[in-house]
Amino acid sequence: MLFIKTKDYTQMSQKVASLLLAQVISKPDSVLGLATGSTPIGAYENLAKWYTEGLVDFSRVHTVNLDEYMGLDKEHNQSYYYFMKKNLFSKINIPDENIKLPSGVVKDFDAECLSYETYINALGGIDLQLLGLGHNGHIGFNEPASDFPNITHCVNLTESTIQANKRFFEKIEDVPTKAITMGIGTIMKAKCVVLAVNGIGKAEIVQKAFFGPVVPSIPASILQFHPNVIIVGDEESFQLISDRI
Ligand code: GLP
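None of the values given here were measured: they were computed from a predicted structure. (Residues numbered from 1 in each chain as written. Predicted model: local features only at pLDDT ≥ 70, side-chain atom pairs only at ≥ 80, totals over all residues. Heavy atoms only, no water.)

Next up on the list: the sheet that holds strand β7 (residues 153-156). One open sheet accounts for 3 strands, arranged β4-β8-β7; its pairing is antiparallel. Because the sheet does not close on itself, it has two edges, and the strands there are β4 (67-69) and β7. Within this sheet the neighbouring strands show an average axis-to-axis angle of 25°, counted without direction. Here 3 bridges tie β4 to strand β8 (residues 178-181), and the two strands are oriented antiparallel to one another. Counterpart to tyrosine 69 in the pairing with β8 is alanine 179. (Pairing = 2+ DSSP bridges. Helix = DSSP H or I, 4+ residues; strand = E, 2+ residues; numbered from the N terminus. Axes fitted to C-alpha atoms, helices over the stretch in contact; angles between N-to-C directions.)

So this is what it looks like as structure tokens:
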């Protein structure tokens, strides 16, 4: 695991964006695995800016997102599709047909999970997977569990995740309680993983996930077994590990 410590959120975002930029420049038809949450917003801003400045071309890139809420359609302003459109896709030249997220509103979720996994495999797998980190160690929406789920699947969100997500909704009853997410196996198959983290609130989980035992109760800990992981964090989130990196 490579740890890159940056000063603050701004620098963390620049570093994460530059890793994505390098990926797309070196392989213009890259398959990028993308993430939502507040952490990657700054990185997406940088990418959009660099696209405007002519530094990068996304016309041959494909993207697959980690997850989507069950029950929210694309137009819902809290769907992850909407988030991605707003924060990145509407600002760069990626063709619509190259963008893929799981659908939150299908009739047959098992079929959707399988077809999402098949779609990723048919693209040749993910070149670079961007991840955030949940306070409980979740990646995508792989919540703490008794095993590491392999492929794309449906999950019940934990109470702590529902509580963490309520800031985006008017009332707690509006927060979805289920999601569809890439599995741990899907993520582990990515050729490279970049995990972005910031803020003092993540310091404890960073220490547990990357310097503690590999256990399914902390899903991100599995990344210790991935051969090509870069963790980019700010000083606050790396506070408890700074003497070990
Ligand atoms: C959500 C997303 C995750 C994300 C996490 C952390 O649960 N499904 O992909 O990493 O939130 O969010 P934040 O970056 O806002 O801390």
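Here the narrative resumes, following the displayed structure.
Attention shifts here to the pattern of salt bridges. For side chains of opposite charge, pairing can occur when their charged atoms come near one another. In total, this model carries 8 salt bridges according to the counting rule given. Between glutamate 53 and lysine 49 there is a salt bridge, with the nearest N and O atoms lying 3.4 Å from each other. Assessed through its relative accessible area of 48%, glutamate 53 is described here as partly exposed. When its relative accessible area of 44% is taken as the criterion, lysine 49 is described as partly exposed. A salt bridge links lysine 171 to aspartate 174, with the shortest nitrogen-to-oxygen separation between them at 3.5 Å. (Salt bridge = Lys/Arg side-chain N within 4 Å of Asp/Glu carboxyl O. Buried < 20%, exposed > 50% of the residue type's maximum accessible area, 1.4 Å probe, protein only.)

Further remarks concern the site of the ligand. Around the ligand sit Gly37, Ser38, Thr39, Asp67, Tyr80, Gly132, Leu133, His138, Gly140, Phe141, Arg167 and Lys202, and those are all the residues in its vicinity. Taking threonine 39, its side chain carries an N or O atom lying 2.4 Å from an oxygen atom of the ligand. Residue histidine 138 places a side-chain N or O atom 2.8 Å away from an oxygen atom belonging to the ligand. When isolated, the ligand has an accessible area of 390 Å², and the protein chains bury 94% of it. (Near = heavy atom within 4 Å. Polar contact = N/O pair within 3.5 Å; in protein donor to acceptor, adjacent residues only side chain to side chain. Areas by Shrake-Rupley, 256 points an atom, 1.4 Å probe, with all protein chains shown as cover.)

Take the environment of glycine 199 next. Mapped onto the fold, glycine 199 is located in the loop between β9 (192-197) and α7 (203-211). Here the alpha-carbon distance between glycine 199 and glycine 233, two residues 34 residues apart in the chain, equals 8.4 Å. Apart from the residues lying within four places of it in its own chain, the contact partners of glycine 199 are Asp234, Glu236 and Ser237. (Contact = heavy atoms within 4.5 Å.)

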